[in-house]
There are 2 protein chains.
Amino acid sequence: MSTDAVSMDKIVSLSKRRGFVFPSSEIYGGLGSSYDYGHYGVLLKDNVKARWLEAMVRERDDIVALDSSIILHPRVWEASGHVSGFSDPLVDCRTCKQRFRADHLADPEHEEIRCGKRPSKRPGETPDCDLTEPRQFNLMFKTRVGAVEETGVDVYLRPETAQGIFLNFKNVAQIARRKPPFGIAQVGKAFRNEITPGNFIFRTLEFEQMEMEFFVPPDEADEWYRYWVDQRFQWHLRYGVRESHLRIRPHEADELSHYSSGTSDIEYLFPIGWSELEGIANRGDYDLTRHTEFSGTRLEWVGQDGERYVPHVVEPAGGVDRSLLAFLVDAYDEEVVGERERTLLRLHPALAPVKAAVLPLISKDAAMRDKALALRDELRRQWSVEYDEGGAIGRRYRRQDEIGTPWAFTVDEQTLVDDTVTIRDRDSLEQERLPIGAVRGELADRLGRPWRTPKAD
Amino acid sequence: MSTDAVSMDKIVSLSKRRGFVFPSSEIYGGLGSSYDYGHYGVLLKDNVKARWLEAMVRERDDIVALDSSIILHPRVWEASGHVSGFSDPLVDCRTCKQRFRADHLADPEHEEIRCGKRPSKRPGETPDCDLTEPRQFNLMFKTRVGAVEETGVDVYLRPETAQGIFLNFKNVAQIARRKPPFGIAQVGKAFRNEITPGNFIFRTLEFEQMEMEFFVPPDEADEWYRYWVDQRFQWHLRYGVRESHLRIRPHEADELSHYSSGTSDIEYLFPIGWSELEGIANRGDYDLTRHTEFSGTRLEWVGQDGERYVPHVVEPAGGVDRSLLAFLVDAYDEEVVGERERTLLRLHPALAPVKAAVLPLISKDAAMRDKALALRDELRRQWSVEYDEGGAIGRRYRRQDEIGTPWAFTVDEQTLVDDTVTIRDRDSLEQERLPIGAVRGELADRLGRPWRTPKAD
């Protein structure tokens, strides 16, 4: 099948059925656009974050990691422009009581208009829609720090992780003995009180970001911007996303923030159509200049030779949840093998929640079980592996296919004779025999090899 | 030196100097009791969490992972008792305008009383303290979800991760095909509007928890409770904490929650004295029963044979930040080697932020640099390693000691002749030579060995 045909429903259904992702607070009727990650979802998400940190921090010399607070000093969001500008214009209909984004009203493409509580009536089209004037609604969640209401301080849950990086620019440059070009990378939660969240985990109230701010000499900013657009594009390919499902879309002049001289989205062909997977922005000196103004601390680079300038910033900013969704969609496959259908996730082994399954062919055979359990114990010192003795072997293979386990090792009659096991490949379905003592090395070897999705581009 | 003598100041100073942890929003004057983690802090924290998840999930059959939302349905906190009961009694002094916890007033041990803005005056002792009646102050941060104030819903930032687990009990049991005893483990942020936070990262407004809820048949609860107290105690030992700095303190009857039949704290000898590192509670059927009552969904175990009961819950709950602080304190050491002093972190290699340093003895020697860089490139495909060519070799070793890097590989004149390098051990300071081609295997081997702190117990 072609992935172009994968519906969001199939992804949502698999995610729930196998415990990757499911609606949050479900026994209380749920809370709109909030999701919990189950066992395989946690493992997959951890792998997505680890692969990002590897590529951005561990494998490089010029980027360090940071984990800043979710609740920052409230002046941060004045300096960043979020207090005054991070808002949507909303209108209410006095008749149907629905609320809409004013800038979406005229645009028939916006699903929230077509999918309102009264889908037969489209605001602006129906005579009984009686709209209020637009008013600005800030997307930041506000709360209060301090012992009692009267003396507390209003603070915000960060709507992006980037600002925590800018605040620490000087600090990190000094401690880590860095000079531009260098970067600071962060993975963490952010919160947006979105009026139109939706599409499963594509847009949710709370989500995880992977952001990196790269500080460069001003005259190198354009070059680094192009570099990071390319690097980030390659990262998605490296982990198996098909090139035909990725594209780079440079922002038009009227989409650009006033301070940005260039922004490109890496878009993925989601079931909802081409949508932003990650953005790379050339932010100029806006952020450091604003925080210098508002804090009184000069955020600039001062070299030992007296060289002095405000670095420009190039920012690749992606979403963990959105990336995970793209990996799931791209890996999802259904095929008929023999006379049986199977659903499988052709995930890159470095992303797969479980690296290998260990299965006794006949569960009731104590000798097979013991051998399989011993192998499982050996492998799980290093990797996430799973032992399964429930049901027919074909069914157990299909359960592993569905969660994207790249390899299964099976202990059978022959194992009891010559201490060899079979290794079954998720994608090719090929089976080979190897000595049980060689399994660990073989798995390490296979996990270390470059990998390419077997799905046609 | 004895760690008993390590002051919090030394830990705070090292943490800031080397970028483990530093005050958040510092350029804006800070936000009380909020901290950001720098590069080494992020790596150390990720290792603490990974070791916990390994021990609790990967190496076991009976526990699965979960990552639930920070913002849950508000009814959750009514059911859990947090809306009505998660509060501190506060009193204000009308004269000095300070605020105190009423239950701390009579207790001279509470630092916040001695460390108020006017430390010479102790409330209740000074005639000019004019105290109000106590009033209850809820520790949960409140915010509002929804487009506008009038129609929004009050929600809370979770003050603990545990409730997200209880909500998913039934869900996970079904999806993961589990029957009690089984557990659900979660690592994630929690938030408490503490009136008396402080002591560096011991108590902060936002923090990360590592909680596991273990669901068991009621008649097995006591046995599992003892099992988990022991397991968790062993975990801290396994990662190098000295046994003499750990103790188990069972709660007195008057400290127990009304629903708990037993709770023990694992306490660590922090610079502030013996304090809670982790708690293990026998929570009975309280949580599942309450959520059944409030949600209308029966949270119980129903076996295929018709067996039916509400599982009891045993909960080991620890703090990531607090654990990290204990590891830092326990690993901190100062010693005189020859005529030089060195500060070092004797961290367990599995916790160390950087596993190995690669150093060219003479930085100006291009051949040495090239060899060192090639070795660095090879090692960092697998581990966090650092290359350093700045300054005299002794100084570079001391920089690595201070961040707890267990081993350093040095490329010197002899390397250019016979392709061998030295390996230097952080703790023993012993140096050996080995072929450069054997470094990767040697490092893997050393990282896989059991390890015990060289500090006297």
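Scroll up to find the structure this text is about.
First, a word on what this report is: a plain description of the structure on this page. Not measured: the values here are computed from a predicted model.

Calculation rules
- Residues numbered from 1 in each chain as written.
- Chains lettered and ligands numbered in written order.
- Predicted model: local features only at pLDDT ≥ 70, side-chain atom pairs only at ≥ 80, totals over all residues.
- Heavy atoms only, no water.
- Least-squares fit on C-alpha atoms with pLDDT ≥ 70 in both.
- Contact = heavy atoms within 4.5 Å.
- Pairing = 2+ DSSP bridges.
- Helix = DSSP H or I, 4+ residues; strand = E, 2+ residues; numbered from the N terminus.
- Axes fitted to C-alpha atoms, helices over the stretch in contact; angles between N-to-C directions.
- Phe/Tyr/Trp six-rings, centres within 6.5 Å; stacked < 30°, edge-to-face > 60°.
- Buried < 20%, exposed > 50% of the residue type's maximum accessible area, 1.4 Å probe, protein only.
- Lys NZ or Arg CZ within 6 Å of the ring centre and 35° of its normal.
- Core = buried A, V, L, I, M, F, W, Y, C linked by side-chain atoms within 4.5 Å.
- Buried area = accessible area lost by both parts, 1.4 Å probe.
- Salt bridge = Lys/Arg side-chain N within 4 Å of Asp/Glu carboxyl O.
- Polar contact = N/O pair within 3.5 Å; in protein donor to acceptor, adjacent residues only side chain to side chain.
- Nonpolar A, V, L, I, M, F, W, Y, C, P; charged D, E, K, R; others polar.

**Description of the relation of the copies chain A and chain B**
- Of the two same-sequence chains, chain A is brought onto chain B (RMSD 0.0 Å, axial shift 0.0 Å) by a rotation of 180°. Both copies of the chain, as the preceding transformation shows, are related through a two-fold rotation axis. Among all residues of chain A, the minimum C-alpha distance to the rotation axis is found for Thr 143 of chain A, at 2.6 Å.
- A high fraction, 100%, of the interface residues of chain A reappear at the interface in chain B, so the copies pair face to face through one surface.

**Quick word on the sheet that holds strand E4 (residues 87-92) of chain B**
Residue and element names in this part refer to chain B.
- If you walk across this open sheet you meet the three strands as E5-E4-E6, and the pairing is antiparallel. One side of each edge strand has no neighbouring strand; the edge strands of this open sheet are strand E5 (99-101) and strand E6 (135-138). Sheet twist, expressed as the mean angle between neighbouring strand axes with direction ignored, is 45°.
- Pairing of E4 with E5 involves three bridges; the strand directions are antiparallel. Counted as the bridge partner of Leu 90 is Arg 101 from E5.

**Comments concerning the packing of aromatic side chains**
- For the structure shown, the criterion picks out 30 aromatic pairs over all chains.
- With 5.4 Å between their ring centres and 65° between their planes, Phe 214 of chain A and Trp 228 of chain A make a pair best called edge-to-face. Note that Phe 214 of chain A is positioned in strand E10 (residues 206-216) and Trp 228 of chain A in helix H8 (residues 221-238), a separation of 14 residues in sequence. Across this residue pair, the class does not change: Phe 214 of chain A and Trp 228 of chain A are buried.
- Here Trp 235 of chain B and Tyr 239 of chain B contribute two aromatic rings whose centre-to-centre distance is 5.7 Å and whose plane-to-plane angle is 65°, an arrangement assigned as edge-to-face.
- Exposure remark for Tyr 239 of chain B: the relative accessible area of 5% places this residue in the buried category.
- An aromatic cluster is built from Phe 166, Phe 169, Phe 182 and Phe 215 of chain A, whose rings are joined through pairwise contacts.
- One Lys or Arg, Arg 322 of chain A, reaches over the ring of Phe 202 of chain A and ends 3.7 Å from the middle of that ring.

**Considering the nonpolar core**
- By size, the foremost hydrophobic cluster in this structure holds 114 residues, and its most contacted members are Trp 228 and Leu 325 of chain A together with Trp 228 and Leu 325 of chain B.
- Setting aside anything within four residues of it in sequence, one finds Trp 228 of chain A in contact with Met 56, Arg 60, Ile 63, Met 212, Phe 214, Ile 280, Val 314 and Pro 316 of chain A.

**Regarding the interface of chain A and chain B**
- Taken residue by residue, the interface counts 80 residues in chain A and 80 residues in chain B.
- Each partner contributes to the roughly 6,400 Å² buried at the junction of chain A and chain B, and carbon and sulfur atoms together form 54% of this total.
- It is Ile 27, Tyr 28 and Arg 58 of chain A in chain A that bury the most area against chain B; as a group they hold 13% of the surface buried on that side.
- Between the two partners, chain A and chain B, sit eight salt bridges.
- Ionic pairing is found between Asp 67 of chain B and Lys 45 of chain A, a salt bridge with its closest N-O pair at 2.5 Å.
- If you look at where chain A meets chain B, you find 44 residue pairs in polar contact (both at pLDDT 80 or more).
- With seven residues, the top contributor of residues to the side of chain A that touches chain B is helix H2 (residues 39-58) of chain A.
- Its residues assigned to classes, the side of chain A that touches chain B comprises 33 nonpolar, 21 polar and 26 charged.

**Quick notes on the side chain of Glu 278 of chain A**
Residue and element names in this part refer to chain A.
- Tracing the sequence through the fold places Glu 278 in strand E13 (residues 273-284).
- By relative accessible area, which is 2% here, Glu 278 ends up buried.
- Engagement of the side chain of Glu 278 in a polar contact is seen with the side chain of Arg 232, the distance being 2.5 Å.
- For Glu 278, the contacting residues outside a window of four places in its chain are Arg 232, His 236, Ser 264, Asp 265, Ile 266, Pro 316, Ala 317 and Gly 318.

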